[in-house]
Amino acid sequence: MPPTQLKASGKGAQPVPFIDLSRDDRVLKNEIKTAALSVLKSCHYIRGRPCVEFSEKFASYCGAKYCVGLASGTDALFLALKAAGIGPGHEVITTPFTFFATAEAIANAGAKPVFADIDEDTWCISPAKIEKALTPKTKAIVPVHIFGQMADMDPIMKIAAAKKIAVIEDACQAHGAQYKGCGAGSIGLAGCFSFYPTKNLGACGDAGALVTNDKELAERVLRLADHGSKIKYIHDEIGVNSRLDSLQAAILLAKLPKLDEMNNKRRAAAALYKKLLSSINGLVLPREAQGSRHVYHLFSVRVEQRDRLKRYLDEAGIGAQIYYPVPLHLQEPFSSLGRQAGSFPVSEQLCREILSLPMFPEIKDREIRRAAKTIRDFFKN
Ligand SMILES: *Cc1c(COP(=O)(O)O)cnc(C)c1O
């Protein structure tokens with residue numbers, strides 16, 4: 001087929017957005033409005049009743065005893081590390097294939113991020129590579145449940161138990177994901193969540209939370225997030241301001257009962273993509289590990305000709321994005337850690353080949369079909 005005809009295939013057809021937050025269902029939108037209005041009426045804007053109620057409900061949703069509402073997922077990671085006593089002189093092992101905030105929180109806590117490469121199949125941190133990165137200074141491991149699939153937690157917890165170090169789950173992309181029946185965030189010492197608007201459970205602004213089964217840790221995070229204070233104007237330690245506000249909590253409370261349904265819609269969309277894109281030579285589909293419930297925060301495929309395919313999809317009006325173009329050890333602020341290109345080959349290759357396709361709960365089957373057909377057309381050439 002000549003290239004002009006190829007381009008024409010997308011013309012006239014409706015664009016397929018990468019994500020469209022405006023499509024949330026009308027009933028839910030009304031519930032959100034009512035919830036928000038009741039906060040405006042109450043004038044109790046910070047750590048009000050909805051914050052307490054959301055914390056209780058979200059802890060139980062995750063299968064954890066406690067939940068502390070915070071200002072963001074980044075703060076949840078930072079405060080989990082701080083509350084676990086991690087700081088200067090300590091090393092924390094994490095994956096180079098994640099959003100910048102994971103390692104940024106480690107650095108901001110005063111510790112040194114130490115990267116360990118990822119598993120070829122799940123794209124999460126490899127337990128075998130963690131073993132190799134351990135030193136006497138290692139005080140914690142931060143696995144990231146990337147794209148909505150949990151890391152291989154059993155061997156990670158085993159390593160941590162043997163070394164008596166903490167595991168802090170970065171569950172910012174994995175609300176409702178499961179590993180052998182356990183909820184994301186409920187296995188390690190703490191689980192950190194982001195409610196950034198595009199996450200599986202999203203607020204209408206920045207918000208986050210930490211879940212844990214450790215009462216002392218929960219109390220310390222609650223205090224640290226309010227300037228190290230439990231009793232007003234009495235400060236026990238230096239903290240930060242990272243309180244969850246009532247407006248976001250009320251909105252999250254309205255959306256939480258729909259989370260499983262929204263995740264099931266993501267899973268159905270993923271299943272349709274997989275059916276339509278199977279057996280394409282040169283395209284690797286995301287794999288769901290045994291015993292894992294993937295919640296497809298992103299639906300990402302692996303393609304050698306990634307940049308060409310992305311341009312082709314762009315021209316056809318199909319939103320595709322790159323998460324993530326650069327692994328963290330090659331980001332400027334971490335260059336002082338001394339890791340160069342070639343240090344983590346699996347992550348580096350994935351950053352060259354990964355492409356995320358349109359994915360959100362309300363995506364339509366015909367949109368998935370059109371995206372998949374465009375990809376098949378690309379590979380026919
Ligand atoms: C979104 C995200 C964060 C940060 O969450 P914010 O709420 O934006 O601060 C951290 N880690 C991962 C893996 C994320 O996807």
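Residues numbered from 1 in each chain as written. Predicted model: local features only at pLDDT ≥ 70, side-chain atom pairs only at ≥ 80, totals over all residues. Heavy atoms only, no water.

### Description of the pattern of salt bridges
- Taken as a whole and assessed by the stated rule, the structure comprises 22 salt bridges.
- In this structure, the salt-bridge partner of lysine 57 is glutamate 53, at a minimum N-O distance of 3.5 Å. Here lysine 57 and its partner glutamate 53 are both found in helix α3 (residues 49-62), four residues apart, which amounts to about one turn of the helix.
- Classification of glutamate 53 as partly exposed rests on a relative accessible area of 27%.
- Between glutamate 120 and arginine 302 there is a salt bridge, with the nearest N and O atoms lying 3.9 Å from each other. Note that glutamate 120 is positioned in the loop between β3 (112-115) and α6 (127-133) and arginine 302 in strand β14 (residues 299-303), a separation of 182 residues in sequence.
- We classify glutamate 120 as partly exposed; its relative accessible area is 47%. (Salt bridge = Lys/Arg side-chain N within 4 Å of Asp/Glu carboxyl O. Helix = DSSP H or I, 4+ residues; strand = E, 2+ residues; numbered from the N terminus. Buried < 20%, exposed > 50% of the residue type's maximum accessible area, 1.4 Å probe, protein only.)

### As for the packing of helix α4 (residues 73-83) against helix α5 (residues 101-108)
- Between α4 and α5, the shortest axis-to-axis distance is 9 Å and the interhelical angle comes to 40°. For the element pair α4 / α5, the angle class is oblique. For the pair α4 and α5, the crossing hand works out as right-handed. The segment α4 lies against α5, with Thr74, Leu77, Phe78 and Leu81 engaging Ala101, Thr102, Glu104, Ala105, Ile106 and Asn108.
- Of the residues that constitute the contact of α4 with α5, the class distribution is six nonpolar, three polar and one charged. (Axes fitted to C-alpha atoms, helices over the stretch in contact; angles between N-to-C directions. Parallel < 35°, antiparallel > 145°, perpendicular 65-115°, else oblique. Left-handed = near helix turned anticlockwise from the far one by under 90°. Contact = heavy atoms within 4.5 Å. Nonpolar A, V, L, I, M, F, W, Y, C, P; charged D, E, K, R; others polar.)

### A look at the site of the ligand
- In the neighbourhood of the ligand, 14 residues make up the surrounding shell, with Gly73, Thr74, Asp170, Ser194 and Lys199 lying closest.
- At 2.8 Å, a side-chain N or O of aspartate 170 approaches a nitrogen atom of the ligand.
- Here glutamine 173 contributes a side-chain N or O atom positioned 2.9 Å from an oxygen atom of the ligand.
- Starting from 380 Å² of accessible surface for the ligand in isolation, the protein chains cover 93%.
- Breaking the shell around the ligand down by element, the ones donating at least two residues are α4 and α5. (Near = heavy atom within 4 Å. Polar contact = N/O pair within 3.5 Å; in protein donor to acceptor, adjacent residues only side chain to side chain. Areas by Shrake-Rupley, 256 points an atom, 1.4 Å probe, with all protein chains shown as cover.)

### A short note on the sheet that holds strand β8 (residues 190-194)
- As summarised here, the arrangement of the seven strands in space is β1-β9-β8-β5-β4-β2-β3, forming an open sheet in which the pairing is mixed. With one partner strand each, in any of the chains shown, β1 (66-70) and β3 form the two edges of the open sheet. On average, each strand axis in the sheet is tilted by 25° relative to the strand beside it, whichever way the strands run.
- Of the pairings in the sheet, the one linking strand β2 (residues 91-94) to strand β4 (residues 138-142) comprises four bridges and is parallel in character. (Pairing = 2+ DSSP bridges.)

### Re the sheet that holds strand β13 (residues 292-293)
- Judged by pairing direction, the sheet is antiparallel, and its three strands sit side by side in the order β7-β6-β13 without closing on themselves. Each edge of the open sheet is held by one strand with a lone partner, namely β7 (182-183) and β13.
- Alignment of strand β6 (residues 178-179) against β7, held across two bridges, turns out to be antiparallel. Looking across to β7, one finds that glutamine 178 is bridged to glycine 183.

### With respect to the packing of α4 against helix α8 (residues 215-224)
- Where α4 contacts α8, the axes come no closer than 9 Å and their chain directions differ by 120°. For the element pair α4 / α8, the angle class is oblique. The way α4 lies across α8 gives a crossing that is right-handed. Contacts between α4 and α8 involve Leu79, Ala80, Lys82 and Ala83 from the former and Leu217, Arg220, Val221 and Leu224 from the latter.
- The class makeup of the residues in the contact of α4 with α8 is six nonpolar, no polar and two charged.

### Some words on the side chain of asparagine 200
- The residue asparagine 200 is located in the loop between β8 and β9 (208-212) in this model.
- Side chain to side chain, asparagine 200 and asparagine 263 meet in a polar contact 2.9 Å long.
- A distance of 3.0 Å separates the side chain of asparagine 200 from the side chain of histidine 297, its partner in a polar contact.
- If we skip the residues at most four places from it in the chain, asparagine 200 touches Gln173, His175, Leu259, Met262, Asn263, Arg266, Val295, Tyr296 and His297.

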